[in-house]
Each structure stands twice: as structure tokens, then as C-alpha cells.
Amino acid sequence: KKILATTTSYATDRQQFGLPIAEFGLIQRKLADMAARAYGAESVAYRTAGLVYTAIRGMDPSKNALDVKLRTFAEYSVECAMAKVIGSETYHGVADEALQVYGGYGFSEEYPAARWYRDSRITRIYEGTSEICRLGIAKTILKRSSRGELDLGPPPLETPRSVTPEDQGLTVLRAQVDALKSLFRFVLGEIRA
């Protein structure tokens with residue numbers, strides 16, 4: 001969010017052809033994409049923290065031993081791995097867009113975009129590389145599915161309903177999510193077969 005705020009301020013101040021570069025559609029799109037990415041990553045982080053907080057808070061106080069808390073944390077390790085991947089890759093994408101907004105100045109150490117971009121690379125390495133996190137996510141999903149803890153079995157023998165142009169809002173999104181779930185179940189079933 002700090003990158004977005006600083007880059008927006010820069011785009012408002014930086015003049016090109018007698019106008020602030022924030023007036024140009026391409027720059028506006030970059031800022032909008034940065035805002036959407038930051039919002040999505042922040043939402044994932046809050047959702048994951050909320051799941052863990054709710055689980056810990058709902059524990060029986062008489063069973064508040066450390067090993068119970070650790071098992072609870074382990075239960076949400078896959079969500080934490082997903083949040084880590086999304087967060088670090090979002091940071092890289094936002095830093096990359098900021099560098100583009102700064103243009104040639106983005107590579108100058110006198111401007112913050114150079115540091116953001118340089119630092120964004122390490123976020124995909126420390127605390128578990130994004131590749132290792134993805135492997136853990138896949139293994140956990142497959143393990144939970146094989147134990148029957150996730151309903152990812154073969155899709156029902158039904159054709160997803162078609163979406164008409166009259167459908168709007170959540171109806172369209174629900175149909176798309178249902179279609180993606182069916183596709184995921186099919187692919188997972190093929191992998192396990």
C-alpha cells in the first residue's frame with residue numbers, strides 16, 4: 001500500500017507534455033491494477049489471520065496447552081502458505097508496475113522504485129520459496145482429499161448451466177466458480193486415478 005501511495009503521489013507530481021502523468025490512461029490503469037492487487041493480498045492476509053484467530057479463540061480454555069495451539073496452527077498451514085505466495089508475488093507485481101510508472105528514474109537509487117523492485121525478489125525466496133510453498137499446498141490438498149476432508153471427488157454428472165447475457169452480478173460469478181470447481185474436481189480425479 002505504501003508503494004501505491006508513493007507511486008500515486010509521484011504520478012501526480014511528475015509532468016510530461018505539460019500534464020501530470022497521472023492524467024494518462026496507461027498510468028491510471030497501472031495504479032488501478034496496483035490498488036486491486038494490494039487489496040486482494042490484504043484481504044487474503046486478513047482472512048487467513050481471522051481463521052487462525054477464530055480457531056484459537058474458540059478453543060476450550062482447559063485444553064489451552066501449547067501442543068493444541070500448535071496443531072491448530074498446523075491445520076491452517078496451507079492457508080498461510082497460500083497467503084505467503086500471494087503476498088510476495090503481489091509485492092513483486094506492484095513493485096514492477098511502480099518501476100514502470102517511474103520510468104527511467106525507477107532505476108535510479110535516488111528514487112524508491114529501485115529499492116522496491118530489488119527487494120521484491122527476495123520476498124519470493126525467504127520464509128519458504130514460492131515453489132516450495134506451492135508444493136506444500138498441493139500435497140496438503142491431495143492429502144486432505146484422500147482422507148475425505150475436502151469434497152474434491154469426481155464432479156457430478158451434470159452440465160454446468162449456461163450463463164445468458166441477462167444474468168448479472170453474483171449469478172455470473174457463481175456460475176463461473178461452479179464451472180471452475182467442476183474442472184478442478186475432474187483434473188484432481190484424473191491425477192488420483
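Residues numbered from 1 in each chain as written. Predicted model: local features only at pLDDT ≥ 70, side-chain atom pairs only at ≥ 80, totals over all residues. Heavy atoms only, no water.

As for a nonpolar patch on the surface
Nonpolar side chains collect at one region of the surface, where L180, L183, F186 and V187 lie side by side and expose about 390 Å² of accessible area between them. Its place among the elements puts V187 in helix 7 (residues 170-192). (Patch = residues over 30% accessible without salt bridge, like charges linked within 9 Å, V, L, I, M, F, W, Y side chains within 5 Å. Areas by Shrake-Rupley, 256 points an atom, 1.4 Å probe, with all protein chains shown as cover. Salt bridge = Lys/Arg side-chain N within 4 Å of Asp/Glu carboxyl O. Helix = DSSP H or I, 4+ residues; strand = E, 2+ residues; numbered from the N terminus.)

Notes on the side chain of K30
Tracing the backbone shows K30 in helix 2 (residues 25-57). Take K30: its relative accessible area is 14%, and that puts it in the buried class. Excluding its chain neighbours within four sequence positions, the residues that come into contact with K30 are E97, Q100 and V101. (Buried < 20%, exposed > 50% of the residue type's maximum accessible area, 1.4 Å probe, protein only. Contact = heavy atoms within 4.5 Å.)

Some points on helix 2
For helix 2, spanning 33 residues, the distance from its first C-alpha to its last is 47 Å, which sits close to the expected 48 Å at 1.5 Å a residue. Burial in helix 2 covers these residues: I27, K30, L31, M34, A38, A41, T48 and V52. Structurally, helix 2 contributes buried residues whose contacts are with helix 1 (2-13), helix 3 (66-75) and helix 4 (77-102). (Expected span 1.5 Å × (residues − 1).)

Some thoughts on the pattern of salt bridges
Tallied over the entire structure, the rule returns six salt bridges. Between E97 and K30 there is a salt bridge, and its shortest N-O distance comes to 2.8 Å. Taken together, the residues E97 in helix 4 and K30 in helix 2 connect sequence positions 67 residues apart. Ionic pairing is found between R118 and E109, a salt bridge with its closest N-O pair at 3.2 Å. Residue R118 is classed as partly exposed on the basis of its relative accessible area of 46%. Classification of E109 by relative accessible area gives exposed; the value is 56%. A single network of salt bridges, built from pairs that share partners, joins E109, R118 and D119.

Some points on the packing of helix 4 against helix 6 (residues 130-146)
Where helix 4 contacts helix 6, the two axes come as close as 9 Å, and the packing angle between them is 150 degrees. Taken as a pair, helix 4 and helix 6 cross one another with a handedness that is left-handed. For the pair helix 4 and helix 6, contact is made by V78, E79, A81, M82, K84, V85, S88 and E89 and by S130, C133, R134, I137, T140, I141 and R144, respectively. The class makeup of the residues in the contact of helix 4 with helix 6 is seven nonpolar, three polar and five charged. (Axes fitted to C-alpha atoms, helices over the stretch in contact; angles between N-to-C directions. Left-handed = near helix turned anticlockwise from the far one by under 90°. Nonpolar A, V, L, I, M, F, W, Y, C, P; charged D, E, K, R; others polar.)

Focus on the packing of aromatic side chains
The tally for this structure, following the rule as stated, stands at five aromatic pairs. The interplanar angle of 15 degrees and the centroid separation of 4.0 Å between the aromatic rings of Y10 and Y102 together place this pair among those described as stacked. Residue Y10 is located in helix 1, and its partner Y102 is located in helix 4; the two are separated by 92 residues in the primary sequence. Judged by its relative accessible area of 11%, Y10 is buried. Judged by its relative accessible area of 4%, Y102 falls in the buried class. Summarising the aromatic geometry, the rings of Y102 and W116 are spaced 6.1 Å apart at their centres and angled 80 degrees between planes, so their arrangement reads as edge-to-face. (Phe/Tyr/Trp six-rings, centres within 6.5 Å; stacked < 30°, edge-to-face > 60°.)

Topic: the nonpolar core
In terms of nonpolar packing, the biggest core is built from 16 residues, with I3, M34 and W116 touching the most fellow members. If you list the elements that add at least two residues to this core, you get helix 1, helix 2, helix 4 and helix 5 (112-122). Here this core takes six residues from helix 4, the largest share from any one element. Apart from residues lying up to four places away in sequence, I3 is in contact with M34, Y91, V94, A95, A98 and W116. Listed in part, the five residues of the second largest apolar core include A81, V85, C133 and I137. (Core = buried A, V, L, I, M, F, W, Y, C linked by side-chain atoms within 4.5 Å.)

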